[in-house]
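# Structure assessment
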Amino acid sequence: MLGVIADDVTGASDVALALRESGLRTVLYFGVPGEDVAPPGAHEAVVVALKSRMAAPADAVAQSLEALRRLRGHGARQVYFKFCSTFDSTPDGNIGPVLDALADALDAPAVLLTPSSPRHGRTQYAGHLFVDGVPLAESPLRHHPVTPMTDSSLPRLLRAQTQRPVDLVGWDTVRAGADAVRAAVADATARGVRYLLADALDEDDLRTLGRATADAPLTAGAAGLAAGLAHAVPGGAPDAYDEDDPLDAWPAAVLCGSCSARTLEQLDVLRALDRPVHRLDPVAEPDPAALAGHALDWYDALPPGAPHGAPVIHSSVPPDELRSIQRALGSERAAAVLEEATGRVAAGLVARGVRRVIAAGGETSGAVVAALGVTGGWIGRAAAPGVPWIHPTSGPRIALLLKSGNFGGPDFLATASTPPPDRSPSPARTTPRSPLMTTPASHATAVATPPHATEPPTSPLSPRSPFSSHPAARAAVVATARALAARALVHGRTGNVSLRTGDGGVLITPTGADLATVLPQDLSVIDADGAHLDGPPPSKEAFLHAAVLRARPDARAVVHTHSTHAAAVSCLDGLDADDALPPLTAYHAMRVGRLPLLPYFAPGDARLADVAEAKARTHAALLLRHHGPVVAAPGLDAALEAVEELEQTARIFLLLRGTDHARLTEEQRAALAPQLPGTVALFSALAIKKALDDAVLEAFTSTTGIGVEGVYEPTNVLLERIAGGARPDVMVGVTGGMEKLASGVLDAASLRPLARVGIGVAVPPGAPAVDLSSTRALVRALTSARSVAYSRTGASGVAFAALLERLGIAEEVNSRATVVEKGFTALAVTDGRADLAVQQLSELRFVPEARVVGPFPEEVQHYTDLSVALGAHAARDPEAVALLRHLTAAPAREAYRVAGLEDPR
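Treat the numbers as computed from the prediction; the structure is a model and nothing was measured. (Residues numbered from 1 in each chain as written. Predicted model: local features only at pLDDT ≥ 70, side-chain atom pairs only at ≥ 80, totals over all residues. Heavy atoms only, no water.)

This brings us to the overall build of the protein. From N to C terminus, the protein includes 32 helices and 36 strands. Buried positions account for 56% of the 905 residues belonging to the protein. Partitioning the intrachain contacts of the protein with sequence separation of at least 6 by distance along the chain shows that 75% fall at a separation of at least 24. Accessible surface computed for the protein: about 35500 Å², of which carbon and sulfur atoms make up 53%. (Helix = DSSP H or I, 4+ residues; strand = E, 2+ residues; numbered from the N terminus. Buried < 20%, exposed > 50% of the residue type's maximum accessible area, 1.4 Å probe, protein only. Contact = heavy atoms within 4.5 Å. Areas by Shrake-Rupley, 256 points an atom, 1.4 Å probe, with all protein chains shown as cover.)

If you trace the 8 strands from one edge of the open sheet to the other, you get β22-β21-β20-β19-β23-β26-β25-β24, paired in mixed fashion. The sheet is open, and its two edges are formed by β22 (532-534) and β24 (597-598), each paired on a single side. Relative to strand β19 (residues 496-500), helix α16 (residues 471-486) is tilted by about 155 degrees, and along the sheet it contacts β19, β20 (506-508), β21 (524-526) and β23 (557-560). (Pairing = 2+ DSSP bridges. Axes fitted to C-alpha atoms, helices over the stretch in contact; angles between N-to-C directions.)

Let us look at the packing of helix α23 (residues 689-704) against helix α31 (residues 878-887). Interhelical geometry of α23 versus α31 gives an angle of 135 degrees and a closest axis separation of 10 Å. As the angle between them shows, α23 and α31 are arranged oblique. You can see that α23 and α31 cross each other, and the crossing is right-handed. Contacts between α23 and α31 involve Leu692, Val696, Leu697, Ala699 and Phe700 on the former and, on the latter, Glu879, Ala882, Leu883, His886 and Leu887. Counted by class, the contact of α23 with α31 contains 8 nonpolar, 1 polar and 1 charged residues. (Parallel < 35°, antiparallel > 145°, perpendicular 65-115°, else oblique. Left-handed = near helix turned anticlockwise from the far one by under 90°. Nonpolar A, V, L, I, M, F, W, Y, C, P; charged D, E, K, R; others polar.)

Below, the discussion takes up the pairing of strand β18 (residues 399-403). For β18, a buried count of 5 out of 5 residues is recorded, marking the element as mostly surrounded by other parts of the structure. Residues Ala399, Leu401 and Lys403 line one face of β18 and the alternating positions Leu400 and Leu402 line the opposite face, and both faces are buried. As judged from the 5 bridges shared by strand β15 (residues 356-360) and β18, these two strands associate in the parallel manner. Each bridged residue has a counterpart across the sheet, and for valine 357 the counterpart in β18 is leucine 400. The sheet contact formed by strand β17 (residues 387-392) and β18 spans 2 bridges and is antiparallel. Paired with isoleucine 390 across the bridge in β18 is leucine 400.

Summed over all chains, the structure comprises 6 aromatic pairs. An angle of 5 degrees between the planes, with centres 4.5 Å apart, marks the rings of phenylalanine 824 and phenylalanine 846 as stacked. Separated by 22 residues along the polypeptide, phenylalanine 824 in the loop between β33 (818-820) and α29 (827-830) and phenylalanine 846 in the loop between α30 (841-844) and β35 (851-855) bring together distant segments of the chain. Residue class for phenylalanine 824 comes out buried when judged on its relative accessible area of 13%. What makes phenylalanine 846 partly exposed here is its relative accessible area of 22%. Grouped by ring-pair contacts, the aromatic residues Phe81, Phe83 and Phe87 constitute a single cluster. Its end group placed over the ring of tyrosine 863, arginine 756 keeps NZ or CZ at 3.8 Å from the ring centre. (Phe/Tyr/Trp six-rings, centres within 6.5 Å; stacked < 30°, edge-to-face > 60°. Lys NZ or Arg CZ within 6 Å of the ring centre and 35° of its normal.)

Counting 67 residues, the largest nonpolar core has Leu19, Phe30, Val47, Leu209, Leu349, Leu372 and Leu400 as its most contacted members. Examining the composition of this core, we find that 8 residues originate from one element, helix α12 (residues 331-351), more than from any other. Leucine 400 has contacts with Val357, Val368, Val369, Leu372, Val374, Pro388, Trp389, Ile390 and Pro392, leaving out every residue within four places of it along the chain. Judged by nonpolar contacts, the second largest core, of 44 residues, contains Ala837, Leu883, Leu884 and Leu901. (Core = buried A, V, L, I, M, F, W, Y, C linked by side-chain atoms within 4.5 Å.)

Within the secondary structure, serine 417 sits in the loop between α14 (412-416) and α15 (441-445). Taking the C-alpha atoms as reference points, serine 417 and tryptophan 250, 167 residues apart in sequence, are found 9.3 Å from one another. Among all residues touching serine 417, those that are not within four sequence positions of it are Ala252, Val254, Arg275, Ala310, Arg356 and Ile358. Within polar-contact distance, the side chain of serine 417 engages the backbone oxygen of leucine 413 at 2.7 Å. (Polar contact = N/O pair within 3.5 Å; in protein donor to acceptor, adjacent residues only side chain to side chain.)

Once that is clear, we can look at the side chain of glutamine 861. For glutamine 861, the location among the structural elements is in the loop between β35 and β36 (864-870). Relative accessible area serves as the criterion here: at 14%, glutamine 861 is assigned to the buried category. A distance of 2.7 Å separates the side chain of glutamine 861 from the backbone nitrogen of isoleucine 759, its partner in a polar contact. Not counting chain neighbours up to four residues away, the residues in contact with glutamine 861 comprise Gly758, Ile759, Pro855 and Phe856.

The next thing to look at is helix α11 (residues 319-329). All of the buried residues in α11 are Leu322, Ser324, Ile325, Gln326 and Leu329. For α11, the secondary structure elements touched by its buried residues are β13 (277-279), α12 and α32 (890-898). After α11 finishes, the residue glycine 330 shows a positive phi value of roughly 90 degrees.

The tally for this structure, following the rule as stated, stands at 0 disulfides. No disulfide involves cysteine 256; its sulfur sits 10.0 Å from that of cysteine 259, the nearest cysteine. Classification of cysteine 256 as buried rests on a relative accessible area of 2%. (Disulfide = S-S within 2.5 Å.)

Turning our attention to the environment of valine 643. On the secondary structure map, valine 643 appears in helix α21 (residues 636-656). Linking valine 643 and valine 558, residues 85 residues apart in sequence, is a C-alpha distance of 9.8 Å. For valine 643, the residues in contact, after removing those within four places along its chain, are Leu484, Leu489, Val559, Thr561, Pro629 and Val631.

Here it is in structure tokens:
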């Protein structure tokens, strides 16, 4: 019997289908089967689906070894480790560590593996992986949000994950036949090579490799090689038990969590078909129970027998929006919230009668099967290459379709969830019970009702946590840390990044951090003297960062690395202690300036602080003897550019040693002295102030070092200031007012739509909600309130006053209204002056104590469009232009949405 260990649920479905279609009767377990599951009898293949692809390497190894133990107990003669056909992983694993553990446990000699899966467009040639004919590093996988694949060389990728020797079986050897491959494996074994990556361009190549490894204790790869191996193993035809059942007619729902380009394309097709679509937004609602509850409420409100087909509930967003979510919540927390919420939704849908659950994405699929109590299933017919229908052998009587994000054509989700016109719903069917599985009573009833909501644990980024401060700054530090790792300026767990915050603290990466994987909630907080205030223990060189920041009030960011060439220069004799690197390039002169060499101190020696602080008063960059560079800058972007330029100059310097070469003259160098960024004057309407204060401007200043002096008033007040002679560098305001200024005060060519916002109502904290479901309900709420607060000068107040006249209740409401000249009307319901506050929704949210109960009914809603533009005098100012670009970028737009504004596009 062949036992397969797959590193995620959709990969397990893919390989299980490949085995079944190759002639092996196959059963799939979700998770390691329990001790109460009987050993397989009539089955030739058993697949165990783990959730180890994104787990820590030690956890992935432990899961895989436990799966191996159970498979061997069930009589598995051979083991196949199934990993993703795009080899997506990190330098730490998990492919290499799991292979090492399985090979050691099975005492396997040279192990042959390949990610080639031609029917999915994955091929290996000359040791390089191609995706639809494009090298992996040039494919969309290069921008994978979790495991970006920037190298196509499989030997290089695997060697980074294992200490065991790695070699190739070239395509010419594979084409020579199974005997030639066996000879290559035998030769590798004799040479002590543990892993052989085999080229394969088509199914014939994979069958050749399968014949060559038919007796091997361990092979590994994507589903393609597993199918080739299955063809070499004797087995009977698969059962046809599901071919005639009324599967297609069962009520269906689609759950999407993958953010792959293909899944997003499939969602667009569903939208074009006018399918009911609901998005799970973890930023707007980070409590998974509440997030799932909103989705199920939406489902319950759909009209019965909706004509447009199966509903869709998703969390799939484009990469820029995903990065915004991860910056807001942290990657791990965002994933955890969405997985739990999706599982709750799946259970709720099944309890409501859904019998076909179609899940897109590996983590989404894992959450679905876990929530439904499904422990295993028979493999049914394919809905698409690599995507079979699965008929559970435990849990509810349903059918599951678990799709990898990249699988299926553009119309796959639409086709899979649409019943054919000649079928009528028929939820009953007879499914054979597998002799491999038992069905505990708890599973039989686990999904009869949705799981009860429980109090969620305190998140690392919840308001109750000390780590919730400065989310935008944290995201900027993490982005810089990862950029240092991606550019090979740090290695292992070396290097650290810090950023001064506006409240006197300093965010810094923690001790022992891997900058490639550090998260926002991992950051430490120190004070100006380097004392630990909050979070995990800071870097042991926190005192150095504090010293440099004390010496340089113009700097907000410090980056310290052990980059290779700069560290090498720090070890040389005969350097100029006042300027260790000569002025070789203009960019070094502009971004680094003079580079003093500090004497050697052991890592963590606090005596370095005084020396560094003294030198940093006159130098933005320092080189520590036998150590590495330290760079201070107004913002993180400038610090990153400086340390990268310093490393490049060090490399050039080492290449030029012993040669005749020219340097910049002192006059040339002086003309290129680093210039400090200035400050941008911003005029902004109040409607967008919360988003700017909460995230947008802090992120801008943290990364660029450019300061922003903001003036926040209603647009009418800002226009009065401009009429009096004020000239902002950048302005955000009501579009109509902005357009009037665009012929002189503002640069008309730079005018951009930014957001739009409607009017809503807030009530005092603890007060019951008011009914806003209709115009009649709104009138009743306004006329029965003791007092209604609204703004006299703001756009919302002007529109509200006109609405009162139109509704015929102006005299009644105004007779006891609380009119606010300017500012936030919700303050009036928190201090007792009014029962209701009316203002734009984003402005109401600026007062967190007030309870925002909702927007005006759509028939009387008034939307205010906001735009942004450069001042005419600042049209060519690079700092003002940088702010304009930042205000219109995707992360800023996400912050606006969180603050209650809508995208105007």
